[in-house]
Amino acid sequence: MGGVEDDEPASKRMKLSSEELRRLSNGSIIKQPVGFSGDLMAQPLQSEGGEEVFGSKGLIKKVEFVRIIAKALCSLGYIKSAAHLEEESGIRLHSSVVNAFMREILEGNWDESVAALRNIGLTDEGTVKSASFLIFEQKFFELLDEEKLMDALHTLRTEIVPLCINYNRVRELSSSIVLPSHCFSVHSLKQDKLRARSRTKLFEDLQKLLPPTVMIPERRLEHLVEQALVLQRDACMFHNSLDQEISLYADHQCGRDQIPSQALQILQAHTDEVWFLQFSHNGKYLASSSNDQSAIIWEVGANGVFLKHKLSGHQKPISSVSWSADDHHLLTCGVEEVVRRWDVSSGECLHVYEKSGLGMVSCGWSPDGKCIFSGLTDKSICMWELDGKELECWKGQRTLKFSDLEITSDGKQIISICRETAILLLDREAKVERFIEEDQTITSFSSSIDNRFLLVNLLNQEIHLWNIEGDPMLVCKYRGHKRTRFIIRSCFGGLEQAFIASGSEDSLVYIWHRGTGELIEALPGHSGAVNCVSWNPANPHMLASASDDRTIRIWGLSNLGTKQKVACSNGFHYCNGGT
């Protein structure tokens, strides 16, 4: 990588121009082997078999540790510090053979580069061939760039083709000679800069190809530190805050106060049991439906949740609601009745979807918001245009009279309870059916935001987490809540949906850690069965619960001294933390 002799003092090896320092700080590679010119023949690395180790577990090899630190210092632009570390430790970042290889690459000495590559001592001939291919490919393109077509053709025929690898790429290179417009622009004013940048890219590609013992991967120390931080975060039972700082100074551990466990607000606008509720995708609204035959759109503000529209028109209780992808429209489904579409801004009913002689039992949206889906009492599922025109109907045992309905975010799959113990995963395009089979009666389900997982509530008071990518696979079980008579719904929630929440017939709201299945909280406050819960997708600290006690509770972080808000027909009044 440079022309500095190994026996020069560190003070001379550390001298850099301001331009070189700037390029290093931007992640570029300098041509001088500053601070990394030690000859392994004179100062060999310690042997692999008996390396000095340290650390409480005796797992950290000193040589590897020092080399990785030197690499990190170099990447950060601290070249002098890296050189000092080399000199004081006697441990070189790169051997002289590797330094020579790096120098030849960056100076464009291609034949010498391949010779130096073989001197590194690689045992895998496949790696040597792949690296040689990249080097000769760079040579080929630079010859084309200089309009030396015959030389480029000679390189292709005598140096690249004999490697007998990557035949598709060889054909592409051949086409570059026939159609030179596919190559670098000729005589560009920035030609030298582009060539240097491409050599740096070649060096990065080679670095990924060569064993890490030869050339330490770029940003290796950062990767190790980030990996440790992620493991600590994932092991933290209560991690639930985007603002939570993760420091290198101490092991990470959140407190229980990161879980929404205090009822900050009680909404009392419904006049009968509240059966269902769901936050909008942007977290700015909450929709609830009730046995009182009404639905309510609540607006989520900085100072609380406020009634925006009360939606009337159904002649039967409303079993569920569904938000359009843009949150501009809301669907409400009456029990074996009709589906209504509402304008969220005005509260106006825009359309009523119905089918003669049949009732609707569930509703959902296509991702583009141009179609709606509904389960019907004859166990079929239909798709409608917004104006009510029926587009398609999947007949047969597709749904039940009491079933949730989900359409995946790519619009390809329809998910519905098709039998008492089975959930249908219907691929609309491929016309392929998959099933989740349970031993117990299924009462409800909900999907994760990424549509990779399904949360299934069962009659036996268990909640099962299924991975539905490929063949469905049971991942985890959650226990503790009570369910004997009613449909109880659960949901994903919290930061990165790391938690599971559920209603319960014992008037509690249950929260589990999704990964471990450990019960974290059982929140008291309601005086009737909790039928449904919904976690705000935009605020990991906001959870809502709907109950037979006719109220909706908004749960937030515990904060002593915070007064509880109770929404009544005539506005709000406060109570000092009571229930």
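Residues numbered from 1 in each chain as written. Predicted model: local features only at pLDDT ≥ 70, side-chain atom pairs only at ≥ 80, totals over all residues. Heavy atoms only, no water.

**Digging into the pairing of strand β18 (residues 422–427)**
Taking burial as the measure, the 6 residues of β18 include 5 buried ones, the bulk of the element. Here β18 pairs with strand β19 (residues 432–437) via 6 bridges, running antiparallel. Bridging across to β19, A422 finds its partner in E437. Hairpin connection, β18 to β19: the antiparallel pair is bridged by 4 residues, and K431 has positive phi, about 55°. (Buried < 20%, exposed > 50% of the residue type's maximum accessible area, 1.4 Å probe, protein only. Helix = DSSP H or I, 4+ residues; strand = E, 2+ residues; numbered from the N terminus. Pairing = 2+ DSSP bridges.)

**Focus: the sheet that holds strand β6 (residues 295–301)**
Strand order across the open sheet formed by 4 strands is β4-β5-β6-β7, with antiparallel pairing between neighbours. Bordering the open sheet on either side are β4 (274–279) and β7 (304–311), each of which pairs with just one other strand. In this sheet, neighbouring strand axes are inclined to one another by 25° on average, regardless of whether the strands run parallel or antiparallel. Pairing of β6 with β7 involves 7 bridges; the strand directions are antiparallel. Bridge pairing links A295 to L311 in β7. (Axes fitted to C-alpha atoms, helices over the stretch in contact; angles between N-to-C directions.)

**Some details on the confidence of the model for the protein chain**
On average, the protein chain scores 85 in pLDDT, and the residues at 70 or more come to 84%. Contacts for the low-pLDDT stretch residues 1–48, under 50 throughout, to residues beyond four places or in other chains number 88 contacts. (pLDDT = per-residue confidence, 0-100. Contact = heavy atoms within 4.5 Å.)

**Re helix α7 (residues 125–145)**
Helix length check: α7 (21 residues) gives 30 Å between terminal C-alpha atoms against 30 Å at 1.5 Å per residue, within 8%. Counting buried positions along α7 yields 16 of 21 residues, so the element is predominantly enclosed. At the N-terminal end of α7, a side-chain oxygen is found 3.0 Å from the backbone nitrogen of G126, two or three residues along, and the residue is D124. (Expected span 1.5 Å × (residues − 1). Polar contact = N/O pair within 3.5 Å; in protein donor to acceptor, adjacent residues only side chain to side chain.)

**Some words on the pairing of strand β5 (residues 285–290)**
Counting buried residues in β5 gives 6 out of 6 residues, a clear majority hidden from the surface. Residue alternation in β5 divides its side chains into two sets, Y285, A287 and S289 and L286, S288 and S290, and both sets are buried. Pairing of β4 with β5, which is carried by 5 bridges, proceeds in the antiparallel orientation. Along β5, the bridge assignment pairs Q278 with A287. Between β4 and β5, which follow one another and run antiparallel, lie 5 residues, and G283 among them has a positive phi close to 75°. Note that β5 and β6 share 5 bridges and pair antiparallel. Among the inter-strand pairings, Y285 is bridged to a residue of β6, identified as E299. The hairpin turn running from β5 into β6, its antiparallel successor, is 4 residues long, and Q293 in that turn takes a positive phi close to 70°.

**Some remarks on the packing of helix α8 (residues 149–160) against helix α9 (residues 167–178)**
Where α8 contacts α9, the axes come no closer than 10 Å and their chain directions differ by 160°. Compared by their axis directions, α8 and α9 come out roughly antiparallel. For the pair α8 and α9, the sense of crossing is left-handed. In this structure, α8 uses L153, L156 and I160 to contact α9, whose residues at the interface are V170, L173, S174 and I177. Residues that form the contact of α8 with α9 fall into these classes: 6 nonpolar, 1 polar and no charged. (Parallel < 35°, antiparallel > 145°, perpendicular 65-115°, else oblique. Left-handed = near helix turned anticlockwise from the far one by under 90°. Nonpolar A, V, L, I, M, F, W, Y, C, P; charged D, E, K, R; others polar.)

**A word on the packing of aromatic side chains**
Enumeration over the complete set of coordinates arrives at 8 aromatic pairs. Look at Y510 and W512: their rings are 6.0 Å apart centre to centre, the planes differ by 20°, and that puts the pair in the stacked class. Comparing Y510 with W512, the two get one shared label, buried. One aromatic cluster is present, formed by Y478, Y510 and W512 through successive ring pairs. The lysine or arginine in question, R514, covers the ring of F453, its NZ or CZ lying 4.7 Å from the ring centre. (Phe/Tyr/Trp six-rings, centres within 6.5 Å; stacked < 30°, edge-to-face > 60°. Lys NZ or Arg CZ within 6 Å of the ring centre and 35° of its normal.)

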